[in-house]
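# Notes for the structure review
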Amino acid sequence: MLIRAKTEADTAGCVDLLLRVHRQDNYPLHLAPHEVPGFLAGEHETAAWVAEQDGRIVGHVALHCPPDDPTLTVAGNATGLPTDAMALVSRLFIAPDRRRSGLGRVLLRHAAGQARAFGQRAVLDVGQALAPPIALYESEGWNRVGELHIPLDAGPVLDLWVYVSPESPDLRMV
Ligand SMILES: CC(C)(COP(=O)(O)OP(=O)(O)OC[C@H]1O[C@@H](n2cnc3c(N)ncnc32)[C@H](O)[C@@H]1OP(=O)(O)O)[C@@H](O)C(=O)NCCC(=O)NCCS
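Keep in mind it's a predicted model, so treat the numbers as computed, not measured.

### Examining the overall build of the chain
When you go through the chain residue by residue, the secondary structure sums to five helices and seven strands. What you see in the chain, going N to C, is helices and strands ordered as β-α-α-β-β-α-β-α-β-α-β-β. C-alpha extents for the chain along the principal axes are approximately 45 × 45 × 30 Å. Taking all 174 residues of the chain together, 44% fall into the buried category. Counted over contacts in the chain with a minimum sequence separation of 6, partners at least 24 positions apart contribute 63%. When the 15 positive and 21 negative side-chain charges of the chain are each reduced to one mean point, those points stand 9 Å apart.

Following this line, the structure appears as structure tokens:
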């Protein structure tokens with residue numbers, strides 16, 4: 001298993017994987033399949049990594065630093081940190097046939113560790129209905145610090161929990 005920085009050449013493989021995840025898990029929430037590539041493109045992405053096995057992309061995670069983001073506002077209110085001292089862990093997904101082997105945990109720790117290396121605290125939001133990632137974040141000691149209810153153009157409301165990474169990360173090996 002190789003964890004490496006995402007490149008332009010990975011775009012098709014990442015979109016293909018996220019479309020499979022979307023079909024199975026309904027993540028990303030409230031999006032049609034044709035909107036999935038745009039969701040992944042992420043104009044505020046500052047860094048991203050893929051997990052590759054046997055030449056195939058089996059996982060993805062990114063850091064985003066958007067300006068005026070409601071999740072960063074909630075996290076900032078909870079931590080006292082300014083927006084530019086935080087980074088959003090975003091677009092974490094693992095191939096359906098590679099689940100529960102620790103890869104999600106590895107990519108989450110990698111992204112949070114890289115944020116720390118950039119001098120930033122990792123924070124994130126997660127759909128309140130998404131039990132597997134919530135279980136992952138809480139098992140890693142992330143703290144729920146608030147919630148958001150964002151009305152979408154299409155009618156539904158995006159119900160999110162906001163989490164911040166632990167100040168002293170658990171450095172157990174996986
Ligand atoms: C969430 C996700 C990334 C987890 O990836 P994964 O590689 O299967 O996770 P791991 O194997 O590292 O699991 C680590 C821990 O998370 C928790 N967890 C993960 N999946 C779980 C599930 N389906 N049910 C309950 N707990 C789960 C467990 O505590 C697990 O530890 P354990 O296996 O020792 O019990 C994966 O399910 C996924 O891609 N989901 C769809 C996309 C998504 O929802 N992304 C999150 C966006 S915010």
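### Notes on the pairing of strand β2 (residues 45-53)
Bridging between strand β1 (residues 2-5) and β2 involves four bridges; their strand directions are antiparallel. Residue pairing across strands places Ile3 opposite Ala51, the latter belonging to β2. Across eight bridges, β2 lies against strand β3 (residues 56-64) in antiparallel orientation. By the bridge assignment for β3, Glu52 is matched with Ile57. Hairpin connection between β2 and β3: a loop of two residues separates the two successive antiparallel strands, and Asp54 in this loop has a positive phi of roughly 50°.

### Comments concerning the pairing of strand β6 (residues 143-151)
As judged from the eight bridges shared by β6 and strand β7 (residues 157-164), these two strands associate in the antiparallel manner. Counterpart to Leu148 in the pairing with β7 is Leu160. Two successive antiparallel strands, β6 and β7, enclose a turn made up of five residues, where Gly155 displays a positive phi of approximately 125°.

### Concerning the side chain of His22
Considering the arrangement of structural elements, one finds His22 in helix α1 (residues 11-25). Residues contacting His22, with those up to four places away along its chain left out, are Tyr27, Pro28, Leu31, Ala32, Pro33 and Val36.

### Examining the site of the ligand
The ligand sits among 22 residues. The nearest are Leu92, Ile94, Gly102, Gly104 and Arg105. Between the ligand and Arg99, the relevant distance is 3.4 Å, taken from an oxygen atom to a side-chain nitrogen or oxygen of the residue. In this structure, an oxygen atom belonging to the ligand sits 3.2 Å away from a main-chain N or O atom of Ser101. Breaking the shell around the ligand down by element, the ones donating at least two residues are α1, β4 (86-94), α4 (103-117), β5 (121-127) and α5 (131-139). Residue contributions to the shell around the ligand peak at six residues, all from α5. In terms of residue class, the shell around the ligand is built from 13 nonpolar, four polar and five charged.

So, how was this worked out
Residues numbered from 1 in each chain as written. Predicted model: local features only at pLDDT ≥ 70, side-chain atom pairs only at ≥ 80, totals over all residues. Heavy atoms only, no water. Helix = DSSP H or I, 4+ residues; strand = E, 2+ residues; numbered from the N terminus. Buried < 20%, exposed > 50% of the residue type's maximum accessible area, 1.4 Å probe, protein only. Contact = heavy atoms within 4.5 Å. Lys, Arg positive; Asp, Glu negative; His and termini not counted. Charge placed at Lys NZ, Arg CZ, Asp CG, Glu CD. Pairing = 2+ DSSP bridges. Near = heavy atom within 4 Å. Polar contact = N/O pair within 3.5 Å; in protein donor to acceptor, adjacent residues only side chain to side chain. Nonpolar A, V, L, I, M, F, W, Y, C, P; charged D, E, K, R; others polar.

Honestly, that's just the spatial picture; any functional story needs more than this.
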